[in-house]
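Letter by letter, the chains look like this.
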Amino acid sequence: MGADLEGVLAEQRFAPGAGANPARPAVDTDSIDTDIDTDIDIARMVRRRHARLQAEMANQDVEVAILLHRPHVTYATGHPVHGVDATHAVWERPVAVVTAGGDRSHLLAGDIESQPATPPEVQRHPAVWPELGSAMPALADALAAIAGPLAGRRVALDEQTGAMLRAGLLDGATVVDASHLVASAKIVKTADELACIALAQRRNEIAMRAAQQALRPGVRRSTVAGAFLSALHEALHEPGGANLIDPIFQPVPRSVTDGPRTTTGTVAFPTGVGDPVFAEGDLVWVDSGIDHLGYASDFGRTWVVGRDPTPAEQSLFSRWCAVMTAVLDVLRPGVTAGDLCHAATTANDGERPWLPYFYLAHGVGIESAEMPLVGTDLGAAFDDGLVLAPGMVLVLEPVVWREGVGGYRAEEIVAVTDDGWCHLGGGYPYAPFEAAA
Amino acid sequence: VTAPGTNTQSASPGSDDAALRSERRTRVFEAMDRAMLDVLVLGRRDAVAYATGARSLWTAGTRPPGPACVLVGDRRASHVLSTWDAGVPPEIPFEHLYGVTWNPAILAASLQAIPGFVDAGRIGVDALSPGVERLLARLCPSATIVPADDLLVGIRARKLPAEIERVRTATAVAAAAVDAATAALNAHAGHATAQAAAIRTAAARSVTVPSSGVTVRRGGAWGTFGVDVGLLVDGYEGGLGRTVGTTPGGEADESVATQRRLVEACRPGATAADLRADASGTARWMVRGSGMGFEPPVITTVLGDGVRLAEDMVLSVEVDVAGFMRRDLVAVTAGAPEIMTP
């Protein structure tokens, strides 16, 4: 993959000092590297994903795959992502069908004229309405026309709606989990996919400038979120960049006992509720994600409202940098997730520097968190068995917490290369924190 | 500067919401009794929010089916997948929360610990994946698993007065956003700037969560734009769509007149055939339910056979004639339909 990547992404090293600018204003907007060669070939990307799905269907002995989950549909067909609520996504959802040995995937979706051109690698069909009982005969006909009768065959499926269950659409078929199919196909990314993630990340970072500039004492979370969301559309001047998550600007407590109460007895993040007014000195954990051509970004930083970090707060960041550096020093093909966990924990005096209900790192792609998951409650045996390979993507998100002081959390996206890793982010500054010289 | 009005995303659902939550919850448990369901397992955001009142981080798109909440009928107990109590209503005790996990064995143990779960005879689900089906079959070997999405559709279709009030509040925010986009377009701003103005206006009212979102696209004639806003406020959808920059006459007027006829047709007892008769001659239209987002019924030129409109439904009525679009939310009443747009 290294050769594939060449020319798409420049090799970078983690250098937290490079972007940080101790001078005011807090954000040095010129220091983000926005110059990325976006030579993304959509048709090639769709073709390669189709080939991977076909290979996995052969591996897993699947004759027909019926995909309803939005990221799966996008993976199979390139159908664009809309930043709409779950209810709209469910009721107006497109469906993808892939048949073993088929040269093209099939997309059943509405609004043909308003969609960007579908690659010739995908066969279009009229929309079906999998939630509607009255639409089941049409869905059954469409499936039969594409794949033939389903009874007696091995069919991979990710979701059955109530209407599908009542209609018995899969009666007589051997149904297996299509998420295993997609999970195996997607874990190693192609250069086009990496470029999509990198571009989403740069755009996310550009819009974050507006949010960081809006963050002041007396301002509400929603106003800062509004600055980010409007900048996504206004500053970028082009369609796409669907927002995937209500952007998080959450003031974190100084002490876990300040609440909210959690099942793990640790700090709660991201709760996604409340619209607090920021006060000077608030420690704000920031998290957001947007889409580019079906691929998610993941932005994370910690900001301080209206003042510089105290020495104690700054020491949290110094420790976070030490953890990050320790992890990246060992990251290369062949190491395990367990190796990364060990490096991070060692750099944090033996204490695991991440949220116990999440992870030290997670993959990103068509889902904002996907395999490889590093340091989850799947346990040490799982981590030790997960071997990293070129083309895998990791969002590293260590958290350094000190009871009474608070916590520092930030995220960086890297891809595993043939001999190490490369950065998919643009080097967004860590201000107002300063990297140790 | 924060605009007055909706304090929409309060951290803890307030006591003013308690009555509405209680009414919804009662509806759900009574419907479970009628359907003889011992347990209801829900995964969809809107279904969980309706049944429990729990709020969580908004994310776009579909989520895989899974046990985001578990309702146990005879105990009238609600158990919610949440690692923290933020956003969880006070009537759900902390002990009824089970934390987010990546480990199916831990999830299984959490579900097994829910009193009344493993001995359930009939379990309803709002959707099913092969993985969840296997999990339920293993944990509850004597249970019959049945689709129960229709049970929720049945009770949610007719809105409570407090729900209609929330749709009205949400639509007022959406209308302000449409006004902001319109003002920007009238000042010759581009569509991205207009979109940004709408987003900032909603955010100034504490609303940053879309249902269908903010769209600004070129309209049916040069210099016209279609502006549509769909937002979630306190979990309820408000929305409307307008074509900006039209001059009198032609297809623009036809769009307005057709949408008005469709709105007027939204009365108790009306069928898809009735609406189709009123929509004659227009290229594209949709009448669909609205509440905690997109809801059934769905009526178009080809969908909706068998649907009969009823009092207290809230409907989104959208018409597009050659690029001239118009959309409103409408409450079906015993008399004339009420347009929710202020």
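From a predicted model like this one, the values you see are computed outputs, not experimental measurements.

The rules we used
Residues numbered from 1 in each chain as written. Chains lettered and ligands numbered in written order. Predicted model: local features only at pLDDT ≥ 70, side-chain atom pairs only at ≥ 80, totals over all residues. Heavy atoms only, no water. Helix = DSSP H or I, 4+ residues; strand = E, 2+ residues; numbered from the N terminus. Buried < 20%, exposed > 50% of the residue type's maximum accessible area, 1.4 Å probe, protein only. Contact = heavy atoms within 4.5 Å. Areas by Shrake-Rupley, 256 points an atom, 1.4 Å probe, with all protein chains shown as cover. Buried area = accessible area lost by both parts, 1.4 Å probe. Salt bridge = Lys/Arg side-chain N within 4 Å of Asp/Glu carboxyl O. Polar contact = N/O pair within 3.5 Å; in protein donor to acceptor, adjacent residues only side chain to side chain. Pairing = 2+ DSSP bridges. Axes fitted to C-alpha atoms, helices over the stretch in contact; angles between N-to-C directions. Phe/Tyr/Trp six-rings, centres within 6.5 Å; stacked < 30°, edge-to-face > 60°. Arc of directions from axis to C-beta. pLDDT = per-residue confidence, 0-100. Core = buried A, V, L, I, M, F, W, Y, C linked by side-chain atoms within 4.5 Å. Parallel < 35°, antiparallel > 145°, perpendicular 65-115°, else oblique. Left-handed = near helix turned anticlockwise from the far one by under 90°. Nonpolar A, V, L, I, M, F, W, Y, C, P; charged D, E, K, R; others polar.

(A) Highlighting the overall build of chain A. A tally of regular secondary structure across chain A gives 13 helices and 19 strands. The buried share of chain A, reckoned over its 437 residues, is 61%. Within chain A, contacts between residues at least 6 apart in sequence are counted, and of these 70% link residues at least 24 apart. Split by element, the accessible area of chain A, about 14900 Å² in all, is 52% carbon and sulfur.

(B) Quick look at the interface of chain A and chain B. In this complex, chain A contributes 70 residues to the contact, which on the side of chain B involves 68 residues. Both sides together, the interface formed by chain A and chain B hides about 5800 Å², and carbon and sulfur atoms give 60% of it. Our enumeration of links across chain A and chain B arrives at five salt bridges. For Arg166(A), the salt bridge identified is with Asp150(B), shortest N-O distance 3.4 Å. Here chain A is connected to chain B by 26 residue pairs in polar contact (both at pLDDT 80 or more). Looking at the side of chain A that touches chain B, the elements that each hand over two or more residues are α4 (70-77), α5 (86-91), β6 (160-161), α7 (162-167), β7 (174-177) and α10 (221-234) of chain A.

(C) Expanded view of the sheet that holds strand β4 (residues 122-125) of chain A. Residues and elements named next belong to chain A. The mixed open sheet is built from six strands, whose spatial order is β4-β3-β2-β1-β5-β7. Looking at the sheet topology across the chains shown, the edges are occupied by β4 and β7. For this sheet the average axis-to-axis angle between neighbouring strands, irrespective of direction, equals 25°. As defined by bridge partners, strand β1 (residues 64-67) adjoins strand β2 (residues 95-99) across four bridges and the pair is classed as antiparallel. Bridge pairing links Ile66 to Val97 in β2.

(D) Highlighting the side chain of Thr99(A). Mapped onto the fold, Thr99(A) is located in strand β2. Those residues in contact with Thr99(A) that sit more than four places away from it in its chain are Gln54(A), Met57(A), Glu63(A), Ile146(A) and Ala147(A).

(E) Main features of the pairing of strand β2 (residues 69-72) of chain B. Residue and element names in this part refer to chain B. Of the two faces of β2, the one holding Cys69 and Leu71 and the one holding Val70 and Val72 are both buried throughout. Relative to β2, strand β1 (residues 39-42) runs antiparallel, the two being bridged by four bridges. Looking at β2, one finds that Val39 is bridged to Val72. Where β2 lies against strand β3 (residues 77-81), four bridges are found, and the strand directions are antiparallel. Counterpart to Cys69 in the pairing with β3 is Val80.

(F) Region of the structure containing the packing of aromatic side chains. All names here are of chain A. A complete count under the given rule lists 16 aromatic pairs over all chains for this structure. The interplanar angle of 90° and the centroid separation of 6.3 Å between the aromatic rings of Trp285 and Trp401 together place this pair among those described as edge-to-face. One end of the pair, Trp285, is in strand β9 (residues 283-288); the other, Trp401, is in strand β16 (residues 399-402), and 116 residues separate them in sequence. Grouping aromatic residues by their ring pairs yields a cluster made of Phe317, Trp320, Tyr408, Tyr430 and Phe433.

(G) Molecular detail of the sheet that holds strand β12 (residues 299-304) of chain A. Residue and element names in this part refer to chain A. With antiparallel pairing, the three strands of this open sheet are ordered in space as β8-β9-β12. Each edge of the open sheet is held by one strand with a lone partner, namely β8 (248-251) and β12. Neighbour to neighbour, the strand axes of the sheet diverge by 20° on average, direction disregarded.

(H) A look at helix α8 (residues 178-186) of chain A. Residue and element names in this part refer to chain A. Among all positions in α8, only Ala178, Leu181, Val182, Ala185 and Lys186 are buried. One face of α8 carries all of its buried residues, which in axial projection span an arc of 110°. Tucked into the core, α8 has its buried residues touching α3 (42-59), β1, α4, β5 (154-157), β7 and β14 (370-374).

(I) Region of the structure containing the environment of Ala65(A). All names here are of chain A. In this fold, Ala65 is placed in strand β1. Considered as a pair, Ala65 and Ala147 are 82 residues apart in the sequence and their alpha carbons are 9.3 Å apart. Ignoring sequence-local partners within four residues, the contact set of Ala65 consists of Met57, Ala96, Val97, Val98, Ala156 and Leu181.

(J) The arrangement of unusual backbone geometry in detail. Pro270(A) follows Phe269(A) through a cis peptide bond whose omega is -5°. Tracing the backbone shows Pro270(A) in the loop between β8 and β9. Looking along the chain, the bond that leaves Met371(A) and enters Pro372(A) is cis, with omega of 0°. Summarising the element assignment, Pro372(A) is placed in strand β14. For Asp312(B), which is not glycine, the phi dihedral falls at a positive 75°. The exposure class of Asp312(B) is partly exposed, given its relative accessible area of 28%. Its identity is not glycine, yet Ala322(B) carries a phi of approximately 50°, on the positive side. Tracing the sequence through the fold places Ala322(B) in the loop between β13 (314-321) and β14 (324-331).

(K) Layout of the confidence of the model for chain A. Residue and element names in this part refer to chain A. In the predicted model, chain A carries a mean pLDDT of 89, and the fraction of residues at 70 or more is 87%. In the model, residues 1-14 has pLDDT below 50 throughout and makes 42 contacts with residues more than four positions away in sequence or in other chains. Across residues 17-32 the pLDDT falls below 50, and counting only partners more than four positions away or on other chains, this stretch makes 28 contacts in the model.

(L) View of the nonpolar core. Judged by nonpolar contacts, the single largest core of 52 residues is most densely connected at Trp320(A), Leu331(A), Leu340(A), Val374(A), Leu394(A) and Tyr408(A). Among the elements of the structure, β9, α11 (311-330), α12 (337-347), β14, β15 (393-396), β16 and β18 (412-416) of chain A are those that each provide at least two residues to this core. Top contributing element to this core by residue count: α11(A), with eight residues. Judged by nonpolar contacts, the second largest core, of 48 residues, contains Val286(A), Tyr428(A), Val207(B) and Leu240(B).

(M) Molecular detail of the pattern of salt bridges. One pass over the structure, following the stated rule, counts 40 salt bridges over all chains. When the shortest N-O distance is used, the salt bridge between Asp349(A) and Arg319(A) registers 3.2 Å. One end of the pair, Asp349(A), is in the loop between α12 and β13 (361-363); the other, Arg319(A), is in helix α11, and 30 residues separate them in sequence. Within the structure, one salt-bridge network assembled from shared partners comprises Arg93(A), Glu131(A), Glu159(A) and Arg44(B).

(N) Expanded view of the packing of helix α2 (residues 45-52) of chain B against helix α5 (residues 149-156) of chain B. All names here are of chain B. Two elements in contact, α2 and α5, have axes separated by 12 Å at closest approach and are oriented at 60°. When the axes of α2 and α5 are compared, the pair comes out oblique. When the axes of α2 and α5 are compared, the crossing they make is left-handed. Of α5, the residues touching α2 (which contributes Asp46, Ala47 and Tyr50) are Leu152, Ile155 and Arg156. Broken down by class, the residue content of the contact of α2 with α5 amounts to four nonpolar, no polar and two charged.

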